[in-house]
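# Examination of the molecular architecture
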Amino acid sequence: MIPVNSVLQVGHFPEIMQAEIDCRLTPTRYLDLSAPIPAGNFEAILIRSNTKLLESLIKQIPSIRLVATCGVGFDNLPLSYLKENGIKASNTPGVLNDAVCELAIGMMLSLMRRIPESQEYVKSTAWSQVPFQLTSTLAGKCVGIAGMGRIGQDLARRLEPFKVKLAYSGPHPKAVPYTYYKDIVDLAAASDVLFLACPATSDTDNLIDAKVLDALGSHGYLINIARGSVVDEEALLYALQHKKIAGAALDVFNHEPNPNSAFFKLDNVLLTPHIGSATLETRIAMTNLAVDNLEAFFAQQPLPSEVHY
Ligand code: DGY
């Protein structure tokens, strides 16, 4: 049982998620973050991964002992401050793998086969003049995955039936049957398609720079389902504008929801509005896992998905 007035909900949740929360607890809602923090005996914060939790905010509520973020990524949290102050954090891993991997594969196929453009081709009746351009087959290619964590491994397993070779990079080799490259440049050089499925940390900040894009080469495709910060966007724009790579499918950007508009002018991109986990089933499961963590915390039980930072 979660005591009344003990959970502060920081920021808006979409209606369907809010309804799910409200079935299980009654958080105090703090929606306008420029307004003063509501009064309460708050021990926990509930937040979404697209809302940044400022250190200046949490400092004003020294009674907080847990931050439950609804999302697998926790780059929205002030981790050093939480660590220094013994504040726990939880996230929602696992329950969004299906949705994220399904989108990732859809983005890859749409980009390589130019599915959105081909629909426009039919609708504009251009088809009656000249057949649509030829595109690229995936089978036989090498698919690289930067980040062989939960999502990376799930993605790799789903890609196996596509008759591709699989390779990956990350800080350490994992017990998976795919070729490991320590260096992302080597992975890019070996890959025809490079997925980004790594967390946003100081180690992965601008991981994909001009050198990596050059290594990926003019026949290579980049798919980003991780975070915008993993890519040096200026370098990517240059590579796309000058056809240094074949194309990019981006679900995440440095500036959301207003990405750099230079991307909109390109014909070798597929852009989606950070919808990796945006299915009804997934958002409900994420919300429930975030609330499970809150309940476990107040019941003094181990958290189902504690972030060990
Ligand atoms: C996550 O869970 O971190 C996703 O990016 C949210 O959609």
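Look up a bit, the structure's there.
Conventions adopted
Residues numbered from 1 in each chain as written. Predicted model: local features only at pLDDT ≥ 70, side-chain atom pairs only at ≥ 80, totals over all residues. Heavy atoms only, no water. Helix = DSSP H or I, 4+ residues; strand = E, 2+ residues; numbered from the N terminus. Rg over C-alpha atoms; globule rule 2.2 N^0.38 Å. Contact = heavy atoms within 4.5 Å. Lys, Arg positive; Asp, Glu negative; His and termini not counted. Charge placed at Lys NZ, Arg CZ, Asp CG, Glu CD. Pairing = 2+ DSSP bridges. Axes fitted to C-alpha atoms, helices over the stretch in contact; angles between N-to-C directions. 1 Å grid on protein atoms, 1.4 Å probe; cavity = no way out; pocket = protein on both sides within 12 Å on 5 of 7 lines; lining within 4 Å. Points joined across faces, edges and corners; volume = space filled by probe spheres on them. Nonpolar A, V, L, I, M, F, W, Y, C, P; charged D, E, K, R; others polar. Left-handed = near helix turned anticlockwise from the far one by under 90°.

So, about the overall build of the protein chain. For the protein chain, the count of helices and strands is ten helices and twelve strands. Computed over its C-alpha atoms, the radius of gyration of the protein chain comes to 21 Å, within 12% of the 19 Å expected for a compact globule of 309 residues. Taken along the three principal axes of its C-alpha coordinates, the protein chain extends 65 × 45 × 35 Å. Partitioning the contacts of the protein chain with sequence separation of at least 6, the portion at a separation of at least 24 is 58%. Considering the protein chain, the positive charge centre built from 25 side chains and the negative charge centre built from 31 side chains are found 4 Å apart.

Turning our eyes to something else, we now look at the sheet that holds strand E10 (residues 221-224). Strand order in this open sheet of seven strands is E8-E7-E6-E9-E10-E11-E12, and the pairing throughout is parallel. Two strands close off the open sheet at either side, each with one partner strand: strand E8 (179-181) and strand E12 (269-271). Neighbour-to-neighbour, the strand axes of the sheet open up by a mean angle of 15 degrees, direction not taken into account. Here strand E7 (residues 165-169) runs beside E8; their pairing, made up of three bridges, is parallel. Note on E8: the bridge partner recorded for Ser169 is Tyr181. Each of strand E9 (193-196), E10, strand E11 (247-250) and E12 is contacted by helix H4 (residues 97-113), which is oriented at about 150 degrees to E10, the strand it contacts most. Contacting strand E6 (142-146), E7 and E9, helix H6 (residues 150-159) crosses the sheet at an angle of about 170 degrees to E6.

Here we take up the layout of surface pockets. The calculated volume of the second largest pocket comes to roughly 160 Å³. Along its surface, the second largest pocket is lined by Met1, Ile2, Pro3, Val4, Asn5, Ser6, Val7, Arg24, Leu25, Thr26, Pro27 and Glu295. Looking at the lining of the second largest pocket residue by residue, the classes come out as seven nonpolar, three polar and two charged.

Moving on: the packing of helix H1 (residues 15-24) against helix H10 (residues 280-298). Each pair of packed helices gets described by two things: the angle between the helix axes and the distance between those axes. One can describe the packing of H1 onto H10 by two numbers: an axis separation of 9 Å at closest approach and a directional angle of 35 degrees. Considering how the two elements wind past one another, H1 and H10 form a crossing that is right-handed. Every residue of H10 that contacts H1 at Ile16, Met17, Glu20, Ile21 and Arg24 is listed here: Leu280, Arg283, Ile284, Thr287, Asn288, Val291, Asp292 and Glu295. In terms of residue class, the contact of H1 with H10 is built from six nonpolar, two polar and five charged.

Purely spatial values, then, with no claim about function.
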